[in-house]
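# Chain and residue survey
Here's the letter readout for the chains.
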Amino acid sequence: MPDLLTTDEAATYLRLSERKLYELVANGAVPCSKITGRWLFPKAALDRWVAAGMVASASLAQPAPAIVGGSHDPLLEWALRESGSGLASLPEGSEAGLRRLARGEVLAAAIHLHQIVGDDESANPDAVAHAPGLHDAVVIAFARREQGLLVPPGNPLKLNDIASVAARSARIALRPDGAGAQLLLLALLARTGVAFEALKTLKPPCPTGPDIAQAVRARRADCGIATRAVAYSAGLDFMPLTWERFDLVLRQRDYFMSGPQALFRFLHTPAFRERAAELAGYDVSESGSVRHVN
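Here we summarise the structure given alongside this text.

### Here's the deal with the overall build of the protein
Within the protein, the secondary structure is distributed over 13 helices and 13 strands. If you line up the protein on its principal axes, its C-alpha atoms span 75 × 45 × 30 Å. Here the protein holds 294 residues, and the buried ones make up 49% of them. Long-range pairs, those at least 24 residues apart, make up 70% of the contacts in the protein with a sequence separation of at least 6. In the form shown here, the protein has an accessible surface area of approximately 14,000 Å², with 55% of it arising from carbon and sulfur atoms. In the protein, the 31 positive side-chain charges and the 31 negative ones have mean positions that sit 3 Å from each other.

### Here's the deal with the packing of aromatic side chains
All told, the structure shown has six aromatic pairs when counted by the stated rule. Note on Phe-142 and Phe-246: the rings are 5.8 Å apart at their centroids and 75° apart in plane angle, and the pair reads as edge-to-face. Here Phe-142 is found in strand β7 (residues 137-151), whereas its partner Phe-246 is found in strand β11 (residues 237-251), with 104 residues between them in sequence. With a relative accessible area of 0%, Phe-246 lands in the buried category. With a centroid separation of 5.5 Å and an interplanar angle of 75°, the aromatic rings of Phe-142 and Phe-272 are classed as edge-to-face. Of the two residues, Phe-142 sits in strand β7 while Phe-272 sits in helix α13 (residues 270-279), which places them 130 residues apart along the sequence. Judged by relative accessible area, Phe-142 falls into the buried class, the value being 0%. Taking relative accessible area as the criterion, Phe-272 reaches 0% and is therefore assigned buried. A connected cluster of aromatic rings, assembled from ring pairs, spans Trp-78, Phe-142, Phe-246, Phe-266 and Phe-272.

### Some words on the side chain of Ser-71
For Ser-71, the position within the fold is in the loop between β4 (67-70) and α4 (74-82). Ser-71 sits in the buried class, given a relative accessible area of 4%. Separated by 3.0 Å, the side chains of Ser-71 and His-112 make a polar contact. Apart from residues no more than four positions distant in its own chain, Ser-71 is found in contact with Pro-91, Gly-93, Ser-94, Ala-110, His-112, Arg-145 and Phe-246.

### Some details on unusual backbone geometry
Residue Pro-204 is bonded to the preceding Lys-203 through a cis peptide linkage, with omega at 0°. With respect to the helices, strands and loops of the structure, Pro-204 is situated in the loop between β9 (200-202) and α9 (209-217). Residue Thr-36 is not a glycine yet carries a positive backbone phi of 50°. Along the chain, Thr-36 falls in the loop between β2 (33-35) and β3 (38-42). Positive phi is not limited to glycine here, since Arg-219 has a value of about 65°. Relative to the helices and strands, Arg-219 is located in the loop between α9 and β10 (223-227).

### A few points about the nonpolar core
In terms of nonpolar packing, the biggest core is built from 29 residues, with Leu-75, Phe-142 and Phe-272 touching the most fellow members. Mapped by element, the contributors of at least two residues to this core are α4, β6 (108-111), β7, β11, α12 (258-266) and α13. When neighbours within four sequence positions are excluded, Leu-75 is seen to be in contact with Phe-142, Phe-272, Arg-275, Ala-276, Leu-279, Tyr-282 and Val-284.

### Things to note about the pairing of strand β5 (residues 88-91)
With four bridges joining them, β4 and β5 adopt parallel strand pairing. Within the sheet, the bridge partner assigned to Ile-67 lies in β5 and is Ala-88. In terms of handedness, the path from β4 via α4 over to β5 forms a crossover that is right-handed.

### Quick notes on the environment of Ala-179
Along the chain, Ala-179 falls in the loop between β8 (171-173) and α8 (180-192). A relative accessible area of 1% means that Ala-179 is categorised as buried. Along the chain, Ala-179 and Gly-70 lie 109 residues apart, while their C-alpha atoms are 8.3 Å from each other.

### Digging into helix α2 (residues 18-26)
Turning to α2, its buried residues are Leu-21, Leu-24 and Val-25. Projected down its long axis, α2 shows its buried positions confined to an angular sector of 100°, all on one face. Opposite the buried face of α2, at more than 90 degrees from it, the exposed residues are Arg-19 and Ala-26. Downstream of α2 by a residue or two, Gly-28 has a phi angle that is positive, lying close to 65°.

Criteria and thresholds
Residues numbered from 1 in each chain as written. Predicted model: local features only at pLDDT ≥ 70, side-chain atom pairs only at ≥ 80, totals over all residues. Heavy atoms only, no water. Helix = DSSP H or I, 4+ residues; strand = E, 2+ residues; numbered from the N terminus. Buried < 20%, exposed > 50% of the residue type's maximum accessible area, 1.4 Å probe, protein only. Contact = heavy atoms within 4.5 Å. Areas by Shrake-Rupley, 256 points an atom, 1.4 Å probe, with all protein chains shown as cover. Lys, Arg positive; Asp, Glu negative; His and termini not counted. Charge placed at Lys NZ, Arg CZ, Asp CG, Glu CD. Phe/Tyr/Trp six-rings, centres within 6.5 Å; stacked < 30°, edge-to-face > 60°. Polar contact = N/O pair within 3.5 Å; in protein donor to acceptor, adjacent residues only side chain to side chain. Core = buried A, V, L, I, M, F, W, Y, C linked by side-chain atoms within 4.5 Å. Pairing = 2+ DSSP bridges. Right-handed = clockwise from strand over helix to strand, strands pointing away. Arc of directions from axis to C-beta.

Set out below in structure tokens:
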């Protein structure tokens, strides 16, 4: 049947190696059917698949808005302004930022991801390596940050970890699904064997770390997860939980644009290091270095 191509015919037609074609088949990325033990590829469906890829590529050919999406961070907000980068901030959470980056809706995404199983040190590069639509992405180190529990001054409930939050029925403010702090909470729960349902949660979720701080300061919540810098700026006590990677992700073609380059140059200045020390809870020894290239 001329409209059905065998594996080698489809590979030739698409100008791919058979190995690459099998990878696409395994990931369900290419239209095909298995009949009597053989993979067959409808030629018309392959044509539509290629055309759809061309449309997606055309949409990404347009310049992305000069916006850094993803996670909120006080040091990043300050650096975007003081570096003269001209980049705005749209903090919605790490995973939301990656989705916007893949759709070409932001120039870069700030992320701090955590894994239920695996090494958090590689969580950001691992996610970018497997993210749909980010085959040309690069991960740039911004800083390592200290995350922990924000509690009222004096820590009246004597909270020091997630297990104590559950044991004392403390009201914990949450971040939205896909936000880095929420992923950290889920990872910590899994590692300590505490069920999410065991927590007394505050609703609705807080959009950013400063919103977590406001909920604790107003005594609507007893605690919440955010950075040491956020806790100190709000006059709250801080119970450390972990250090994490806070990275910037952008397309390789956009790395050399004037806005990102102004920001990356600024990361190597004394002013940036002094501000990080002043805010507290940052390690900027690797800031601006390339951590991963897709």
